[in-house]
Amino acid sequence: MKMIQFKNKLKQLFTFVVSLMMFSTLLQSCAELDPDLTEFNAPPGSYESLADQEEGIVGVYQGLFTAARFNDIYAPAWGGDDMTTNFGANKADFREFDQRNVTPGNARLGNNWNNSLNIINRANTVISRSQGLFQLDVDMEIVELRIGEAFFLRGLMLQHLSRIHGRIPILLDPVVDPDVTLSSQQEVFEQVESDFLEAERLLPDVYPGVNPGAPRPNKGTARALLARLYMDWAGFPLNDMSKYAAAAQSAKQVIDNSGAHGFLLLSDLEDLWRQENASNTEGVFSITFCSSCPNLDNRKYGILGLPADLLGWQESLAEIKFFEDFPVGPRKEATYRTELQWEAFSDQKNPVFKKITGPAGDIAQFSSSRFDFWMRYAEVLLIYAEASGRSGNVTPQSWEALNMIRRRAEGLPFATPNPSVDLTSGDIAELAVTERKWEFAGEFSRWYDLVRLQRVEQALSDRQPQVSTDPATGAIINERNSILGSLGTDNYYAPLPQIALDELPNLAN
């Protein structure tokens, strides 16, 4: 009875939050969300009601929506061998990542830093100011739930910044120490681990009253992101191989409880990229958008992935060699707009991601309600397969996790064994890496796999198209954005943005 009452309270509270989010967006639509550190100088007070706490956690999500609304948050992904951008126009900041020549003055890098710091600071404020609620006569389960969300979102952004910059400052207080210095990679990973574990402890199995796709995190969301953390921890630069076992255990825990968390693969991969399916069970954590809501629309898709020939903005394009190598089949059809004769484009000849534009006619302009899948359930399955292999504990369930992805890639029912595609022997870890390569193409994740596995040089030294020709000349089409920077480990991480060094000079030490 107590749990039912708790869920009813949460459902009522969620309805209130939705209204509050819309209202707060209208209020903040003209406000500057730049995280000026001076505004956090005053000692934080305490919330005096659950409504105060709600407003605080909504503010954290508002910061996340702002950060993810444009491509700044995903700019490092252009370093992968799956994605490229326009060779000219106003895409210089994306080209720096694409060409491995990132500078501290990169505006996208700076925007991402500011937005991420804003989310971290807001989460710290919620954690700090919520402590006063424990002295009041309010529902402690709801108080702790909101604190759990704040821990999750702080860990999410610390992990995000660490994947981009390597060493970062660990900011755990609303009042930022102007003398803060960089923490070691080990310290950052330990803090992210602590935040996700605390979030898992405080969050419910499934967040009541929300749509599928975990737009607000649950225990499984936190545990899934923990599995991703352990994969990074086991790879470059720390190469702590013991973390593969932790990654496998975490992923298996999510898989074993997937029903309780509401996670399930979609039957048709292409359905993931349709606006009408923005909310679906494959999302382990989704960032929600609304095209009819002021400043809550998603502006990363649609025409941003189309060429000038189709009145597009040519920001998020597909690399040719990767496209050539991609196995023919339903997954390739779900990933690319193969009906377009991209070789005949007049301005820049590159394949088009269906994952970016949506199927033909789905996203008319650049404003959409498409969700961002920060993590999909498919990744949990492939983490389990790869980590099982690298930790030396391969089970039939490990192979089943891999084969579910392989079956769907061939357009087959993912839960039905099929000897034509199923594997039961071989190097499951490398087989899983290969599946990741194709499964997540164009989803802003390939770069991070290349870094953790130290395969940047291997991948980016093999970008020259082999068979794609210009129909007008018959000549092989070349990639326009050639590599300019080092492909060694010395260039895996982006420099700290200049705006960060100007604000916190000790980060340069």
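In what follows, the structure referred to is the one given above.
Student: Looking at this structure, I do not really get the state of the cysteines. What am I missing?
Tutor: Each disulfide consists of one covalent bond between the sulfur atoms belonging to two cysteines. With the rule as written, the count across this model stands at one disulfide. Between the sulfur atoms of Cys290 and its disulfide partner Cys293 the distance amounts to 2.1 Å. Disulfide Cys290 to Cys293: torsion about the S-S bond roughly 70°, handedness right-handed. With a relative accessible area of 21%, Cys290 lands in the partly exposed category.

Student: Could you clarify how one ought to interpret unusual backbone geometry in this entry?
Tutor: Most peptide bonds adopt trans geometry, and most residues besides glycine take a negative phi value. Residues Phe236 and Pro237 are joined by a peptide bond in cis, for which omega reads 10°. Turning to its location among the elements, Pro237 is positioned in the loop between helix H7 (219-234) and helix H8 (243-256). Positive phi outside glycine occurs at Ala89, with the angle close to 55°. The topology assignment puts Ala89 in the loop between strand E1 (83-84) and helix H3 (92-98). Phi angles above zero are rare outside glycine, and Phe444 is one such case at about 65°. With respect to the helices and strands, the residue Phe444 is situated in the loop between helix H15 (428-439) and helix H16 (446-452).

Student: Explanation requested: helix H6 (residues 185-202) in the structure shown.
Tutor: Three or four residues apart is the spacing at which side chains of an α-helix point the same way, because the helix has 3.6 residues per turn. Between the first and last C-alpha of H6 there are 26 Å, a value that for 18 residues agrees with the 26 Å anticipated at 1.5 Å per step. Those residues of H6 lying buried are Gln185, Val188, Phe189, Gln191, Val192, Glu193, Asp195, Phe196, Ala199, Glu200 and Leu202. On its buried face, H6 sits against helix H5 (140-165), H7 and H8.

Student: Even after reading the chapter, I still don't get the pattern of salt bridges, so can you show me in this structure?
Tutor: Opposite charge on two side chains permits pairing when their charged atoms draw close. Applying the stated rule across the entire model yields 41 salt bridges. Arg154 is the salt-bridge partner of Asp195, the closest N and O atoms lying 2.8 Å from each other. With a gap of 41 residues between them, Asp195 in helix H6 and Arg154 in helix H5 connect regions that are remote in the sequence. Asp195 sits in the buried class, given a relative accessible area of 1%. For the salt bridge of Asp271 with Arg274, the shortest nitrogen-to-oxygen distance reads 3.5 Å. Judged by relative accessible area, which is 26%, Arg274 ranks as partly exposed.

Student: Just checking my understanding: could you explain the packing of aromatic side chains for this structure?
Tutor: Each aromatic ring pair is described using two quantities: the centre-to-centre distance and the angle formed by the ring planes. According to the stated counting rule, one finds 21 aromatic pairs in the structure shown. Arranged with centres 5.0 Å apart and planes meeting at 70°, the rings of Phe236 and Tyr492 form a pair that is edge-to-face. Here Phe236, found in the loop between H7 and H8, pairs with Tyr492, found in the loop between helix H17 (456-460) and helix H18 (498-503); they are 256 residues apart in sequence, far enough to count as distant. The burial state of Phe236 is the same as that of Tyr492; both residues are buried. An aromatic cluster is present here, built from Phe322, Phe323, Phe326, Tyr336, Trp342, Phe353 and Trp438 joined pairwise through their rings. Here Lys243 stacks its cationic end above the ring of Trp233, 4.2 Å away from the centre of that ring.

About the thresholds
- All residue numbers here refer to positions counted from 1 along the written sequence of the relevant chain.
- Totals for whole chains, interfaces and linings use every residue, but because this is a predicted model, local features are given only for residues with pLDDT of at least 70 and side-chain atom pairs only at 80 or more, for both listing and counting.
- Water and hydrogen atoms were dropped before computing side-chain values, which therefore reflect all heavy atoms in the structure.
- What counts as a disulfide here is a pair of cysteine sulfur atoms lying within 2.5 Å.
- Burial here depends on accessible area, computed with a 1.4 Å probe over protein chains only, as a share of the maximum for the residue type. Under 20% is buried, over 50% is exposed, and the range in between is partly exposed.
- Secondary structure follows DSSP: runs of H or I at least 4 residues long count as helices, runs of E at least 2 residues long count as strands, and numbering of each begins at the N terminus.
- A helix's residues, less one, multiplied by 1.5 Å, set its expected span.
- The contact definition used throughout considers only heavy atoms, calling two residues in contact when any of these lie within 4.5 Å.
- By salt bridge we mean one thing: a side-chain nitrogen of Lys or Arg within 4 Å of a carboxyl oxygen of Asp or Glu.
- Centres within 6.5 Å make a pair out of two Phe, Tyr or Trp rings, where for Trp the six-membered ring is used; the pair is then stacked when the planes are under 30 degrees apart, edge-to-face when over 60, and tilted otherwise.
- Whether a charge lies above a ring is judged from NZ of Lys or CZ of Arg, which has to be within 6 Å of the ring centre and within 35 degrees of the ring normal.

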